[in-house]
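Fold and contact review
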Amino acid sequence: MAGIFDHAAISRVQQANDIVDVVAEHVSLKRKGREMVGLCPFHEDHRPSMSVSPSKQIFKCFACGAGGDVLKFVQMRENLTFPQAVERLAERAGIQLESRRSTAPQRRDPVSDVDPNLLARVNAWATKFFQQCLNDPERGEVARDYLASRRISAESIARWNLGVAPNAVDALAKAAGPKIPLRLLQQGGLVAGPGQDKFVHRLMFPITDATGRFIGFGGRTLSDAGAKYINSPTTPLFDKSNTLYGLEQARHQIVATGTAVVVEGYTDVIMAHQFGCTNVVATLGTSFTTGHGRTLRRYAKRVVLVYDSDVAGVEAANRALEVCLSQRLDIKLGFVPEGKDPCDFLLVAGKEAFERIVEGATDVLLFKWDRLRAAFEGDDSLASRRTALNEFLQAVATGLAANNIPVLESGLIVNKLSKIIGLTPREINADLSRRMGRVSKTMKSDGDRRDGAEPLDWGRGLHAAAQREVLEVLLNEPALFHGRQEEISESLFSVPILRQIAGVLLDALRSNDDFSLPGLLARIEAVSLAEGLVALQAAGEEKGNYTSRLADAVEVLARYRKDSQTMRLDPEGNEARCVAESDGARARQNPHSLGLL
Ligand SMILES: [Zn+2]
């Protein structure tokens, strides 16, 4: 498993990142005996199914089976490759990695060949530059006046790393000088061409990802020139349709409260945090996308969208709802009164009033229902009534297909609806079923749910069980290997996943290194393999009886080997294939078991 980094480096990174601390950055953990438990972020968890062991330095979910070391957690959680997870955690621990980069470069963006971490460092440098400019008596004056007029405090300015791009077309390019190549500034979207900064005379909002990397910028004009707000262009590091401003600062509170509040503007987020509402994030001048929903779903159970109550705000909210309904997020809507933005509202009305808006937020369906009723009870044209009805039915169907609306509630909805629009409940239900069919199809392509992950194939029958037993014992009582070194070899293992785990395990046992579970996991790149290893360890620990179980299992394996040698019988066996086939046949006979309701 030779990768980009040597094993010693990977182990060092793993040991420098305590798994409890890292998991706690994503999940709120409670102590339970010798372990920590919390809601598993890899499946829809309703009671704490995930345990994290401080002594073993592993995590395991008893419901969905996810498990591994700190590297696997980050790999799965942030959708990274193994080397990317190593880099991310190295950065977190402040470890300089000596990679074999020259011979095997880390994964780069195939189109532009940019190293995202290098871009993040360039952005961090630019952030510093913009901050210095803000403190410069002359260059920062206009921006400081603006910040004062919005009543953004000095603490907030520091906390959010605010800065200014001076009123000169090449200020940044000049400051970069020869030490930062123009190519990098261009790839990061900071410079449009030689001597041409992308951000000129703008208040700068550096944007970080959940781990605090500087990934891009938002810039608000300080004159009347150009668009009011512009963002960094899409780079290998930055995609504004997936990014939420303030996620790094808000995520702990979002996890702790289970609620994420989404607003629309940078200053709205900053002001909310300034007032102590610290679970607030913003979209970056785009409407709320599936990507935002997917990101928030990792941290929040509930999302409250707080928008302006003007027409644009209501329409933006309406669009956002469709997205959230299909994301299995509990979603509610709050409106700031009198056409104010949340930032001004906070300044005028204060923290409690803002919190009341969040607490009193309307249920999605109620919001849609009110729109529908307004269209039918008012003097709206037939066409606009039809649009409203269409929208409402689509929302209900999306919610039902995503299991976001209980069936009972949908019955009540259908009855109420039938009274307003003059169709029978039966007709409405038929329409809903058709829509749900279509919605389900598109939702299947939303592939990041762990529930859809392939279950591990442990093989079947006595032979496979014996292979499993050997690993279960050795993972818990490695010393037992040394009496049986002659008998136990990789060739005993025929089930693919067991053979791979045996390869890593036996290697480690023979090398006489200090044997540890995290040490083994550091040698494994594939998430599914790590999951298998953790599952075997846990099963073995529960069963105990190590010495006798190992003796029995080894004996069974030896006998199988002898039989298969004499009878030339495939040891993995027809047994396994037969069982699999009869399962398939059973499923085919009962197609209704796959039905929707
Ligand atoms: Zn789980």
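An account of the accompanying structure is given in this report.

Rules and cut-offs
- Residues numbered from 1 in each chain as written.
- Predicted model: local features only at pLDDT ≥ 70, side-chain atom pairs only at ≥ 80, totals over all residues.
- Heavy atoms only, no water.
- Helix = DSSP H or I, 4+ residues; strand = E, 2+ residues; numbered from the N terminus.
- Buried < 20%, exposed > 50% of the residue type's maximum accessible area, 1.4 Å probe, protein only.
- Contact = heavy atoms within 4.5 Å.
- Pairing = 2+ DSSP bridges.
- Axes fitted to C-alpha atoms, helices over the stretch in contact; angles between N-to-C directions.
- Donors = N, O, S within 2.8 Å, 3.2 Å for Na, K, Ca; no water.
- Tetrahedral: all angles 85-135°; square planar, octahedral: opposite > 155°, others 65-115°.
- Polar contact = N/O pair within 3.5 Å; in protein donor to acceptor, adjacent residues only side chain to side chain.

**Examining the overall build of the chain**
- Assigned secondary structure in the chain consists of 25 helices and 17 strands.
- Every one of the 597 residues in the chain was classed for burial, and the buried ones make up 50%.
- Within the chain, counting contacts between residues at least 6 apart in sequence, those at least 24 apart form 67% of the total.

**Remarks on the sheet that holds strand β4 (residues 58–61)**
- What the five strands build is an open sheet, ordered β1-β2-β3-β4-β5; its pairing is antiparallel. One side of each edge strand has no neighbouring strand; the edge strands of this open sheet are β1 (30–32) and β5 (67–68).
- In this sheet, strand β2 (residues 35–38) lies alongside β1 in antiparallel orientation, the contact comprising three bridges. Directly across from K32, in β2, lies its bridge partner E35.
- Each of β3 (50–53), β4 and β5 touches helix α3 (residues 70–77); the most contacted strand, β4, lies at about 50° to it.
- Packed onto the sheet, helix α23 (residues 527–543) meets β4 and β5 and runs at close to 85° relative to β4.

**Structural notes on the coordination of the zinc ion**
- Each protein donor to the zinc ion is listed here as C40 (SG), H43 (ND1), C61 (SG) and C64 (SG); together their distances run 2.1 to 2.3 Å.
- For the zinc ion, the four donor atoms in the first shell make angles of 101 to 118° at the metal, a pattern classed as tetrahedral.
- Mapped onto the sequence, the residues coordinating the zinc ion show the spacing C-x2-H-x17-C-x2-C. Separated by 21 residues along the polypeptide, C40 in the loop between β2 and β3 and C61 in strand β4 bring together distant segments of the chain. When sorted by exposure, C40 lands in the same class as C61, which is buried.

**Here's the deal with the side chain of S49**
- Tracing the backbone shows S49 in the loop between β2 and β3.
- Within the local environment of S49, its side chain forms a polar contact with the side chain of D45, the two groups lying 2.7 Å apart.
- Those residues in contact with S49, other than ones at most four positions away along the chain, are G38, H43, K60, C61, F62 and A63.

**Let's talk about the sheet that holds strand β11 (residues 229–231)**
- With antiparallel pairing, four strands are arranged side by side in an open sheet as β6-β9-β10-β11. With one partner strand each, in any of the chains shown, β6 (163–165) and β11 form the two edges of the open sheet. Strand-to-strand twist across the sheet, computed as the mean angle between neighbouring axes with direction ignored, equals 35°.
- Two elements, β6 and strand β9 (residues 202–208), share three bridges in a ladder whose sense is antiparallel. Its bridge partner lying in β9, V164 is registered against L203.

**Here's the deal with the pairing of strand β10 (residues 214–221)**
- Most of β10 sits inside the fold, with eight of its eight residues counted as buried.
- As paired elements, β9 and β10 share seven bridges and run antiparallel to each other. Counterpart to R202 in the pairing with β10 is T221.
- Hairpin geometry of β9 and β10 is characterised by an intervening segment of five residues between the two adjacent antiparallel strands and by a positive phi of about 90° at G212.
- In terms of strand pairing, β10 meets β11 through three bridges, oriented antiparallel. The residue bridging G218 from the neighbouring strand is N231, located in β11.

No statement about biological role is implied by the geometric values presented.
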